[in-house]
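# Residue-level structure breakdown
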Amino acid sequence: MTIREIITIPDPRLKQVSAPVETVDDDLRALMDDMLETMYAAPGIGLAAIQVGVPKRVIVMDLAPEGGTPEPLYFVNPVIEPTSEEHAFYQEGCLSIPDVYEDVERAAECRISYLDYNGDAQTLECTGLLATCAQHEMDHLEGVLFIDHLSRLKRTMAVKKVAKLKRAAENA
Ligand code: GNR
Ligand code: NI
C-alpha cells in the first residue's frame, strides 16, 4: 500500500466528472487500499479517487472513532438518493481545501447503492455525519466541492485562504 499525494484547489482535475468503473478487479482494489491508507494518514473520514488524481467513481470512508477498530467502507459506482425531506447543517472540511471549515446544508438522511470491495451490490442507509460525508464524497465524483455550496463571497475567501497558505508554506 502507498500513501498518494492529495491534490488541492485550484487543481482543475477536482472539477472533472469521474467515470464509472467497469470491473472491480485487483487493480481497483489496489487503488482502494492506497486511498484508505492516504485517508488515514491525512487524517480524514472520506476520500474520493479524484482527490488522488484518479477520475474513477470510487470512494472510501471510515467514520469509526480514532484509536478504535477501523471500519473501512469502499464504494464503487455509488448512487445516492435522499430518504428524508429533512435537511441538516454540518461543518464540513475537505482534504483538497485545507484549513477551510464552513457549514453546509444537505439532506439529513440518504441511501447509497454501490458495489463493495469484492464487487458485490450493497445498499447503505445513512444518517448524521455518515449522510453528510456520503453526499460530500458523491459531489467529488461530479466535480463539485463543498465550497460550491457556499455564497460567492465565502467561496472566494476560501480560495484566497488556500492560495495564501500555499504561498506561506512555499516560503517557509
Ligand atoms: O475528512 C473529512 N471530514 C469531513 C468532515 C465533514 C464533512 C465532510 C468531510 S469529508 C473530509 C475528507 C474529504 O475531503 N473527503 O472528500
Ligand atoms: Ni472532500
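Everything that follows concerns the structure shown earlier in this document.
Residues numbered from 1 in each chain as written. Chains lettered and ligands numbered in written order. Predicted model: local features only at pLDDT ≥ 70, side-chain atom pairs only at ≥ 80, totals over all residues. Heavy atoms only, no water.

### Remarks on the overall build of the chain
Along the chain, the regular secondary structure elements total three helices and seven strands. Taking 2.2 N^0.38 as the reference for a compact globule, 172 residues should give roughly 16 Å; the C-alpha atoms of the chain span a radius of gyration of 16 Å, in line with that estimate. Summarising its shape, the C-alpha atoms of the chain cover approximately 45 × 40 × 35 Å along the three principal directions. Accessible area of the chain: about 9500 Å², with a carbon and sulfur share of 52%. Charge centroids of the chain, computed over 16 positive and 29 negative side chains, lie 12 Å from each other. (Helix = DSSP H or I, 4+ residues; strand = E, 2+ residues; numbered from the N terminus. Rg over C-alpha atoms; globule rule 2.2 N^0.38 Å. Areas by Shrake-Rupley, 256 points an atom, 1.4 Å probe, with all protein chains shown as cover. Lys, Arg positive; Asp, Glu negative; His and termini not counted. Charge placed at Lys NZ, Arg CZ, Asp CG, Glu CD.)

### Focus on the coordination of the nickel ion (ligand 2)
Coordination of the nickel ion (ligand 2) by the protein is provided by C94 (SG), H136 (NE2) and H140 (NE2), with metal-donor distances spanning 2.1 to 2.3 Å. Read from N- to C-terminus, the donor residues coordinating the nickel ion (ligand 2) fall into the pattern C-x41-H-x3-H. Taken together, the residues H136 and H140, both in helix α2 (residues 128–141) and four residues apart, mark about one turn of the helix. Per residue, the accessibility class of H136 equals that of H140, and both read buried. (Donors = N, O, S within 2.8 Å, 3.2 Å for Na, K, Ca; no water. Buried < 20%, exposed > 50% of the residue type's maximum accessible area, 1.4 Å probe, protein only.)

### Topic: the side chain of R106
Note on placement: R106 falls in strand β5 (residues 97–107). Of the polar contacts made by the side chain of R106, one reaches the side chain of D139; its length is 3.1 Å. The contacts of R106, once residues within four sequence positions are left out, are E86, H87, A88, E92, T132, Q135, H136, D139, F146 and H149. (Polar contact = N/O pair within 3.5 Å; in protein donor to acceptor, adjacent residues only side chain to side chain. Contact = heavy atoms within 4.5 Å.)

### Side note on the site of ligand 1
Within the structure, ligand 1 sits among 13 residues, and I45, Q51, L95, E137 and H140 are positioned closest to it. Backbone polar atom of L95 to an oxygen atom of ligand 1: 2.8 Å apart, as the coordinates give it. Within the contact set of ligand 1, a nitrogen atom lies 2.6 Å away from a side-chain nitrogen or oxygen of E137. The protein chains hide 90% of the 380 Å² of surface that ligand 1 would expose on its own. When the residues that make up the shell around ligand 1 are grouped by side-chain class, the tally is three nonpolar, eight polar and two charged. (Near = heavy atom within 4 Å. Nonpolar A, V, L, I, M, F, W, Y, C, P; charged D, E, K, R; others polar.)

### What about the sheet that holds strand β6 (residues 109–115)?
A sheet is described by the order of its strands in space; here five strands give the open sequence β1-β2-β3-β6-β7, paired in antiparallel fashion. The strands lining the two open edges of the sheet, one partner per strand, are β1 (46–48) and β7 (121–127). Ignoring strand direction, the axes of neighbouring strands in this sheet form an average angle of 40 degrees. Pairing geometry for β1 and strand β2 (residues 58–61), over three bridges, is antiparallel. Note that in β2 the partner of L47 across the bridge is V60. Each of β1, β2 and β3 (73–82) touches helix α1 (residues 26–41); the most contacted strand, β2, lies at about 40 degrees to it. The strands touched by α2 within the sheet are β1, β2, β3, β6 and β7, with β7 carrying the most contacts at an inclination of about 120 degrees. (Pairing = 2+ DSSP bridges. Axes fitted to C-alpha atoms, helices over the stretch in contact; angles between N-to-C directions.)

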